[in-house]
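These are the residues of each chain, in order.
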Amino acid sequence: MKRNIAVLLVAVMVVSSIMLCGCKQNSVSPAKEQVITVGLEQDIGSLAPGSPSCMYKLSNLVYEPLVDLYPDFKKVPGLATSWQASDDGRVWTFALRKGVKFHDGKPFDAEAVKFMINRNKKLNVPKYGFDLVQSMETPDPYTIKFVLSKPSYIFPSDMSMVFNAIVSPDCLDAEGEKVVKAIGTGPFKFESWTKGQEIVLVRNDDYWGQ
């Protein structure tokens, strides 16, 4: 019989006045710690975002892509706040979200995006959109331009794939290939992994979003 792997999501739930049926409150309820335990059918085999060996199920909690996708396939800002194509569809310019930090405290910026894309292009990983990238320009820390080998009007959708989530450059091994630390920008931080037993994620108090 397979033994379940427990994933503990330690979340501090703060009840704010906006959630109390529109009633005004003068003070916020004290923060409560809530532990959620989820059983998985297998252990993870990699810390890379989108890894088919179960990290796929945790990736959206730890890592984030440039573009988010709603269930109705509507594209909304993620780590990028906006994007625009050139008239010929070969150059896509993304404005990146300011004030975002990786879980290790280092800033998220255009160089981190460029680093991750160059890493993915070199490796045998799913290349949703990255295979079209001929070059990248970073005119400032929060702007990145992708020059494509041919027009692609679905490039922002490609950037919403979990495989294309952005990780910290410091999460890779000495060769700059294997993800050895789970350092993203998501609402939960990867705290520990005891093989065959549990994975522990904790609330990211510095998360840029809700």
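Everything below is about the structure printed above this text.
Undergrad: Would you mind showing me how to read the overall build of the protein here?
TA: In terms of regular secondary structure, the protein is built from 3 helices and 10 strands. Taken from N to C terminus, the helices and strands of the protein fall in the order β-β-α-β-β-β-β-α-β-β-α-β-β. By sequence separation, contacts in the protein at least 24 residues apart represent 57% of the contacts at least 6 residues apart. If you sum the accessible surface of the protein, you get close to 11900 Å²; carbon and sulfur atoms cover 52% of it.

Undergrad: What is the right way to look at the sheet that holds strand β7 (residues 133–140) in this model?
TA: Hydrogen bonds between backbone groups are what pair the strands of a sheet, and the pairing can be parallel or antiparallel. The strand order across the open sheet built from 4 strands is β5-β6-β8-β7, with neighbouring strands paired in antiparallel fashion. Strands at the two margins of the open sheet, each flanked by one partner only, are β5 (80–85) and β7. Across this sheet, the average inter-strand angle for adjacent strands is 20°, counted without regard to direction. Contacts between helix α2 (residues 110–122) and the sheet are confined to β6 (91–96), β7 and β8 (143–148), with β7 contributing the most and set at about 170° to the helix.

Undergrad: Just checking my understanding: could you explain the nonpolar core for this structure?
TA: Taken as a class, soluble globular proteins show a tendency for nonpolar side chains to be buried jointly. The biggest cluster of nonpolar side chains holds 42 residues, and the ones touching the most others in it are Leu-66, Phe-94, Leu-96, Phe-108, Val-113 and Phe-146. Within the residue set of this core, elements represented by two or more residues are α1 (55–62), β6, α2, β7, β8, β9 (188–194) and β10 (198–203). Examining the composition of this core, we find that 5 residues originate from one element, α2, more than from any other. Dropping the residues within four chain positions of it, Phe-146 is found in contact with Leu-66, Arg-90, Val-91, Trp-92, Phe-94, Val-113, Ile-117, Val-133, Ser-135, Met-136 and Phe-155.

Undergrad: Looking at this model, I keep getting lost on the environment of Phe-130. Mind explaining?
TA: For Phe-130, the position within the fold is in the loop between α2 and β7. Since its relative accessible area comes to 1%, Phe-130 is described here as buried. In contact with Phe-130, other than residues within four places in its own chain, are Ile-117, Asn-120, Lys-121, Met-159 and Asn-164.

Undergrad: In this structure, what is going on with the pattern of salt bridges? I would like to understand it.
TA: Note that side chains of opposite charge can pair when their charged atoms are close. Tallying each qualifying case throughout the model produces 2 salt bridges. Across the salt bridge formed by Lys-106 and Asp-170, the nearest N and O atoms sit 2.5 Å from each other. Here Lys-106, found in the loop between β6 and α2, pairs with Asp-170, found in the loop between α3 (155–158) and β9; they are 64 residues apart in sequence, far enough to count as distant. Assessed through its relative accessible area of 34%, Asp-170 is described here as partly exposed.

Undergrad: I keep staring at the packing of aromatic side chains and nothing clicks. Help me out?
TA: This structure, assessed with the given rule, holds 6 aromatic pairs. Relative to Phe-108, the ring of Phe-102 lies with its centre 6.1 Å away and its plane at 75°, an arrangement referred to as edge-to-face. Like Phe-102, the residue Phe-108 is buried in the burial classification. In this structure an aromatic cluster arises from ring pairing among Trp-83, Phe-94, Phe-146 and Phe-155. Over the ring of Trp-193 we find Lys-195, and its NZ or CZ is 5.4 Å from the ring centre.

Undergrad: I keep staring at the layout of surface pockets and nothing clicks. Help me out?
TA: Gaps left between atoms show up when a probe the size of a water molecule is rolled over them. Taken as a whole, the second largest pocket spans an internal volume of roughly 210 Å³. Lining the second largest pocket, in full, are Tyr-56, Asn-60, Pro-65, Val-67, Asp-68, Leu-69, Ser-160, Met-161 and Val-162. Of all the elements in the fold, those that place two or more residues in the lining of the second largest pocket are α1 and β3 (67–69). The element contributing the most residues to the lining of the second largest pocket is β3, with 3 residues. For the lining of the second largest pocket, the residue count by class is 6 nonpolar, 2 polar and 1 charged.

Undergrad: Hey, could you run me through the pairing of β5 in this one?
TA: Each regular strand carries side chains that alternate between the two faces of the sheet. Sheet topology note: the β5/β6 ladder contains 5 bridges and is antiparallel. Pairing of Trp-83 across the sheet is with Phe-94, part of β6. Connecting β5 to the antiparallel partner β6 that follows it, the hairpin turn spans 5 residues, and Gly-89 within it adopts a positive phi of roughly 75°.

Analysis parameters
- Residues numbered from 1 in each chain as written.
- Predicted model: local features only at pLDDT ≥ 70, side-chain atom pairs only at ≥ 80, totals over all residues.
- Heavy atoms only, no water.
- Helix = DSSP H or I, 4+ residues; strand = E, 2+ residues; numbered from the N terminus.
- Contact = heavy atoms within 4.5 Å.
- Areas by Shrake-Rupley, 256 points an atom, 1.4 Å probe, with all protein chains shown as cover.
- Pairing = 2+ DSSP bridges.
- Axes fitted to C-alpha atoms, helices over the stretch in contact; angles between N-to-C directions.
- Core = buried A, V, L, I, M, F, W, Y, C linked by side-chain atoms within 4.5 Å.
- Buried < 20%, exposed > 50% of the residue type's maximum accessible area, 1.4 Å probe, protein only.
- Salt bridge = Lys/Arg side-chain N within 4 Å of Asp/Glu carboxyl O.
- Phe/Tyr/Trp six-rings, centres within 6.5 Å; stacked < 30°, edge-to-face > 60°.
- Lys NZ or Arg CZ within 6 Å of the ring centre and 35° of its normal.
- 1 Å grid on protein atoms, 1.4 Å probe; cavity = no way out; pocket = protein on both sides within 12 Å on 5 of 7 lines; lining within 4 Å.
- Points joined across faces, edges and corners; volume = space filled by probe spheres on them.
- Nonpolar A, V, L, I, M, F, W, Y, C, P; charged D, E, K, R; others polar.

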